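# Overview (structure and organization)
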2 protein chains.
Amino acid sequence: MHRTHTCGELRIEDSGKTVILSGWVQRSRDLGGMTFIDLRDRYGITQILFNMEVNAGLCEKARKLGREFVVKITGKVNERSNKNPKMHTGDIEIEAENLEILNVSKTPPFTIEDETDGGEELRMQYRYLDLRRNTVQQKLILRHKLAIATRAYLDKAGFLEIETPYLIKSTPEGARDFVVPSRMNPGEFYALPQSPQTFKQLLMVSGFDRYFQIVRCFRDEDLRADRQPEFTQIDCEMAFVEQEDILNTFEGLTKHLFKEILNTELPAFPRMDYAVAMAKYGSDKPDIRFGMEINDISNLAKGKGFQVFDNSEAVLAIVAEGCAEYSRKQVDALTDWVKRPQIGAKGLVYVKYQGDGIVKSSIDKFFEVEQLEEWCKACGAKPGDMLLALSGDLATTQKQIGELRLHMGKELNIRNTSHFAPLWVVDFPLMEYDAEEGRHFAMHHPFTSPKPEDIHKLETATSEVRANAYDLVINGVEIGGGSIRIHDKELQAKIFDLLAFTREEAQQQFGFLMNAFEYGAPPHGGIAFGFDRLSSLFGGSESIRDYIAFPKNNSGRDVMIDAPAPIDAKQLDELGLTLKKVEK
Amino acid sequence: MHRTHTCGELRIEDSGKTVILSGWVQRSRDLGGMTFIDLRDRYGITQILFNMEVNAGLCEKARKLGREFVVKITGKVNERSNKNPKMHTGDIEIEAENLEILNVSKTPPFTIEDETDGGEELRMQYRYLDLRRNTVQQKLILRHKLAIATRAYLDKAGFLEIETPYLIKSTPEGARDFVVPSRMNPGEFYALPQSPQTFKQLLMVSGFDRYFQIVRCFRDEDLRADRQPEFTQIDCEMAFVEQEDILNTFEGLTKHLFKEILNTELPAFPRMDYAVAMAKYGSDKPDIRFGMEINDISNLAKGKGFQVFDNSEAVLAIVAEGCAEYSRKQVDALTDWVKRPQIGAKGLVYVKYQGDGIVKSSIDKFFEVEQLEEWCKACGAKPGDMLLALSGDLATTQKQIGELRLHMGKELNIRNTSHFAPLWVVDFPLMEYDAEEGRHFAMHHPFTSPKPEDIHKLETATSEVRANAYDLVINGVEIGGGSIRIHDKELQAKIFDLLAFTREEAQQQFGFLMNAFEYGAPPHGGIAFGFDRLSSLFGGSESIRDYIAFPKNNSGRDVMIDAPAPIDAKQLDELGLTLKKVEK
């Protein structure tokens with residue numbers, strides 16, 4: 001090997017040993033008759049000393065090394081005179097006896113430091129250099145550890161990792177599929193899986209009982225920040241279980257990962273109904289690290305002659321603690337914020353409950369002071385606080401004020417960022433009605449089981465039917481989600497009906513699953529965790545891209561390898577395809 | 001949960017306990033006033049007893065259960081009067097107190113038994129039922145264990161599992177790529193990776209030092225038995241190493257897997273030059289569980305007036321021990337065998353060295369007895385043995401007699417099938433000349449390093465240059481292969497030249513890798529193991545298909561889900577594609 005030790009390994013106890021190290025030249029400096037090189041590898045940095053008096057030729061050679069040259073050093077471990085307590089190897093240095101240049105390097109386009117001078121685009125183009133930075137390496141090492149710990153836990157719990165195919169069949173339901181033309185079957189296409197959903201259900205039909213897979217999934221959706229065309233999930237399924245068993249099992253996994261990776265003990269995860277989450281937090285993934293719950297003040301605010309409220313389905317308010325002193329400018333900024341197209345509110349009403357007990361509001365003209373005081377009381381505001389209210393149709397206003405709540409939590413810095421607040425959100429609606437398309441869509445997916453006590457409402461009050469579906473939310477981020485599946489063929493057929501599948505469509509797309517259900521399907525259910533997001537949560541970052549070795553940009557391009565790219569006419573021909581003229 | 005125990009768990013010590021089991025009805029039989037049900041799950045089978053005298057209603061219900069019904073049984077564990085020592089649960093039975101039918105089942109199209117009556121095609125169509133069979137489940141459980149043990153070993157050895165992208169760029173070199181049209185970049189395509197080769201090399205440039213990944217790979221090749229369009233490999237790469245380090249590391253992994261999974265201790269793996277493997281075994285993946293090495297008798301056989309030999313480059317012979325008594329019919333069968341198009345020999349020469357010392361041959365007319373005796377002596381044949389000889393050009397004849405050797409090894413049953421004989425084949429040629437295309441092709445891939453001592457021959461004797469490439473062969477099966485890579489940009493450019501890439505082609509296809517090599521690439525190398533094949537080797541099977549949960553057939557079809565399939569006109573349109581008229 002080109003080394004006896006790594007650059008992060010040697011300690012004072014190794015003094016006197018002759019060693020060989022290989023790595024990259026991080027930096028070098030000349031001090032009188034000495035040259036010091038910081039030699040770097042994945043494991044750390046070790047200082048190398050070249051002494052002009054001892055070996056002038058070697059020292060001259062060292063002085064010509066550029067940044068990122070790859071070198072192999074033979075030398076003796078010595079105690080350092082000028083120790084660096086910040087480095088694991090800071091007590092020693094290597095007095096070089098030989099230097100071999102394994103490879104040269106051009107000057108990198110940005111510095112290979114934790115705080116680099118390279119912009120996002122440049123770093124993505126030279127991702128292989130960006131990946132040399134210690135902060136980035138640590139993110140991928142964290143991801144590796146998470147995968148190892150996940151597999152160890154699930155293996156011990158009797159789960160089998162079973163690989164499912166990547167070349168499968170396209171289904172129009174759900175997000176758009178990436179497709180793969182088949183050369184051997186011209187005119188036909190495979191699809192890349194959006195998830196192994198149907199296969200893991202078939203594995204339950206096969207009796208595998210406890211399945212998992214850390215698996216790549218693909219969605220051809222319009223990209224936005226933190227959405228990649230390919231992503232990884234921890235995909236799990238269990239048979240002979242009920243919802244409670246799944247929540248317990250994967251609460252166990254999550255706690256294990258926090259303990260193993262972050263040495264954090266999590267308490268029992270609270271549970272919250274979807275309806276409560278929407279009412280109190282305006283979100284199906286509430287960040288419960290802080291309160292500031294939503295208050296419905298509709299019956300206090302409506303019918304008092306203020307047209308905006310009177311014409312609204314709901315008036316919702318949150319209490320911003322200690323914000324009564326907010327300036328006009330600050331309130332205007334909040335108003336602008338809620339009016340942004342991403343939020344889409346028409347305006348913002350404030351009620352300042354001043355420290356002196358006086359109430360001031362943007363709607364003083366329309367309401368009596370006593371009425372506004374009543375609002376403050378109903379919302380639990382104390383002197384010094386400010387009420388912020390939005391109005392409109394209930395569902396939209398919930399989401400808007402939920403966003404405002406998150407914004408205020410950030411602005412007031414009341415989210416404990418070193419704290420993890422997990423939460424199970426349960427009892428999601430089974431289907432949502434899409435007025436535009438005039439049909440119901442599955443909220444989770446078409447295989448999700450309705451709650452038994454709601455099945456009688458399937459036809460009469462479809463939108464009210466709740467599902468045996470659940471999400472794991474941590475700090476306002478959806479980490480995982482799943483459901484108990486339908487294992488009854490008749491019920492599955494009825495759900496396809498309600499989702500406006502014709503029998504032929506259902507048969508064509510999911511026939512194999514429905515057929516499988518004729519041969520003794522056990523009760524089963526599962527969950528999938530977004531592994532990219534889980535990694536970034538553990539790393540304390542909001543961006544998933546850093547936790548992917550070779551991510552794609554917002555146009556779905558890998559700018560380093562320059563993909564996608566045109567292919568040969570011969571390749572197209574073999575696939576039986578022609579390109580339409582594209583207007584650029 | 002729908003059970004307190006699994007069907008493989010209860011023992012005599014559990015007698016008296018009230019338990020709940022869930023599973024599938026394997027079989028049932030009525031015996032006087034009793035009904036016995038064998039209840040099956042992944043973990044085993046437990047006998048359930050229904051007693052007409054105790055509970056007639058329950059027993060009547062049990063008598064109506066069909067095969068593969070899913071049931072939930074509550075009952076008491078009793079010692080069995082009629083114990084079955086072949087079953088782990090054979091000492092006990094459950095006296096049923098309650099029976100809940102969780103799901104019904106149609107009669108399966110084949111029996112769910114180790115020895116099923118279902119043909120290959122039917123089993124693939126109903127793969128979810130085939131996967132219920134214990135023998136099939138055990139294969140996937142073995143695969144799971146192999147993956148877990150591989151990851152544990154490599155993690156402990158400092159390897160990081162890093163996921164590389166599946167949506168990459170098509171390269172015309174090597175096998176044909178599957179491509180994925182990009183909707184966001186019309187007219188452009190991603191390719192699915194044939195291996196993460198370039199990405200793992202980039203990870204070495206990034207300093208990750210020790211990488212692995214159990215990863216899906218894709219090749220759009222014409223399929224044959226044991227070749228799947230998607231397959232899995234254990235992909236590995238190390239930096240700052242030489243060939244010796246890689247062989248040692250992965251010999252260690254292989255030994256660990258044999259010890260861990262099969263409790264087999266393997267001795268140190270012998271090494272064999274590619275040239276020796278071809279000369280002695282006529283194969284680059286010799287099965288060394290038996291001898292029967294190839295002898296070159298060209299100088300004894302040529303120039304004696306037998307035209308067929310005189311016009312051949314080489315005459316090669318093997319000794320079939322104890323076969324002097326082979327009948328005319330047996331020899332004819334061997335002759336037919338070597339003449340099959342898959343082998344392509346023109347004829348077979350035999351020399352029987354009879355037990356009485358007399359030599360008889362198919363070419364008695366052309367050779368003196370003394371000459372034939374000389375052959376026998378040269379090949380080490382003893383009285384009672386038979387010499388089999390083929391002739392022709394050296395390379396072709398080596399392969400043909402190599403095949404004959406394997407055939408005889410099987411026919412004579414001299415391969416120790418319970419023995420594992422690993423072997424490193426080393427010093428492969430760097431390139432092969434393709435006369436048809438009039439150019440050299442990389443034997444391994446274009447990034448493989450020539451042996452330093454052969455570099456001077458690169459331009460003058462290209463085909464003679466040996467590579468730092470190696471294969472791991474076990475029992476005649478290629479399990480893994482790899483090489484030390486080129487890390488020098490100039491040498492890489494020269495290799496691309498010799499492979500007849502223009503600078504533009506090289507830049508377009510591998511520009512990102514060549515650019516990366518300008519920034520301090522360390523010496524590195526790696527290996528990849530075929531994980532499907534490794535699993536089947538460990539399982540003692542010659543078919544990889546059984547070790548894949550959802551395999552494709554020889555036309556690349558998944559007959560269960562019926563993929564590939566046509567896609568919507570709308571989908572095609574979004575991708576900017578039209579189908580050519582296909583003549584069926």
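Please read all numbers here as calculations on a predicted model, not as lab measurements.

Reading the values: rules and limits
Residues numbered from 1 in each chain as written. Chains lettered and ligands numbered in written order. Predicted model: local features only at pLDDT ≥ 70, side-chain atom pairs only at ≥ 80, totals over all residues. Heavy atoms only, no water. Pairing = 2+ DSSP bridges. Helix = DSSP H or I, 4+ residues; strand = E, 2+ residues; numbered from the N terminus. Axes fitted to C-alpha atoms, helices over the stretch in contact; angles between N-to-C directions. Contact = heavy atoms within 4.5 Å. Salt bridge = Lys/Arg side-chain N within 4 Å of Asp/Glu carboxyl O. Buried < 20%, exposed > 50% of the residue type's maximum accessible area, 1.4 Å probe, protein only. UniProt positions renumbered as here; feature names shortened; annotations may be inferred. Polar contact = N/O pair within 3.5 Å; in protein donor to acceptor, adjacent residues only side chain to side chain. Buried area = accessible area lost by both parts, 1.4 Å probe. Least-squares fit on C-alpha atoms with pLDDT ≥ 70 in both. Domains from an automatic or database assignment.

### Side note on the sheet that holds strand 5 (residues 92–103) of chain B
Residue and element names in this part refer to chain B. In space, the five strands of this closed barrel follow the order 1-2-3-5-4, with mixed pairing throughout. Adjacent strand axes in the sheet meet at a mean angle of 55 degrees, parallel and antiparallel pairs treated alike. On the sheet, helix 1 (residues 56–63) packs against strand 1 (18–31), strand 2 (34–41), strand 3 (44–51) and strand 5 and is oriented at approximately 65 degrees with respect to strand 5.

### Describing the pattern of salt bridges
Opposite charge on two side chains permits them to pair, given that their charged atoms come into close proximity. Residue and element names in this part refer to chain B. One pass over the full model with this rule turns up 97 salt bridges over all chains. We note a salt bridge from aspartate 130 to arginine 123, for which the minimum N-O separation is 3.4 Å. For aspartate 130, a relative accessible area of 0% corresponds to the buried category. The partner of aspartate 427 in a salt bridge is arginine 466, and the shortest N-O contact between them spans 3.5 Å. Placement of the pair is aspartate 427 in the loop between strand 17 (422–426) and strand 18 (431–434) and arginine 466 in the loop between strand 19 (439–442) and strand 20 (469–474), with a sequence separation of 39 residues. Judged by relative accessible area, arginine 466 falls into the partly exposed class, the value being 28%.

### With respect to the UniProt feature "binding site: L-aspartate" (unreviewed entry) in chain A
All names here are of chain A. Using the residue numbers shown here, the UniProt feature "binding site: L-aspartate" (unreviewed entry) corresponds to Glu173, Arg219, His444 and Arg485. Topologically, arginine 219 is positioned in the loop between strand 9 (210–218) and strand 10 (230–239). The contact partners of arginine 219, leaving out residues within four places of it in the chain, are Ala175, Arg176, Phe178, Gln194, Pro229 and Phe231. Within the element layout of this structure, arginine 485 appears in the loop between strand 21 (477–484) and helix 13 (489–498). On the basis of relative accessible area, arginine 485 is assigned to the buried category, the value being 2%. Of the polar contacts made by the side chain of arginine 485, one reaches the side chain of serine 483; its length is 2.7 Å.

### Here's the deal with the interface of chain A and chain B
Taken together, the contact between chain A and chain B spans 128 residues of the former and 127 residues of the latter. When chain A packs against chain B, close to 11500 Å² is buried across both sides, 58% of that on carbon and sulfur atoms. Inspection of the region where chain A meets chain B yields 20 salt bridges. Between arginine 143 of chain A and glutamate 163 of chain B there is a salt bridge, with the nearest N and O atoms lying 2.8 Å from each other.

### Here's the deal with unusual backbone geometry
All names here are of chain A. In this model, alanine 563 is joined to proline 564 through a cis peptide bond whose omega is 0 degrees. Within the element layout of this structure, proline 564 appears in the loop between helix 15 (531–539) and helix 16 (569–574). Even without being a glycine, phenylalanine 240 presents a positive backbone phi close to 60 degrees. Tracing the backbone through its elements, the reader meets phenylalanine 240 in the loop between strand 10 and helix 6 (243–262). What makes phenylalanine 240 buried here is its relative accessible area of 0%.

### Thoughts on the relation of the copies chain A and chain B
Each of the two chain copies can be generated from the other by rotation about an axis followed by a shift along it. Relative to chain B, chain A is turned by 180 degrees and slid 0.0 Å along the rotation axis, the superposed coordinates differing by an RMSD of 0.1 Å. With respect to symmetry, the two chain copies, as superposed, fit the operation of a two-fold axis. Most of the interface of chain A is mirrored in chain B: 99% of its interface residues are interface residues there too.

### Concerning the sheet that holds strand 2 (residues 34–41) of chain A
All names here are of chain A. The strand order around the closed barrel built from five strands is 1-2-3-5-4, with neighbouring strands paired in mixed fashion. For this sheet, the mean inter-axis angle between neighbouring strands, taken without regard to orientation, is 55 degrees. Relative to strand 5 (residues 92–103), strand 3 (residues 44–51) runs parallel, the two being bridged by two bridges. By the bridge assignment for strand 5, leucine 49 is matched with glutamate 95.

### Description of the domain arrangement of chain A
Domain boundaries assigned for chain A yield domain 1 (12–103), domain 2 (290–411) and domain 3 (422–523). The gap between the C-alpha centroids of domain 2 of chain A and domain 3 of chain A is 37 Å.

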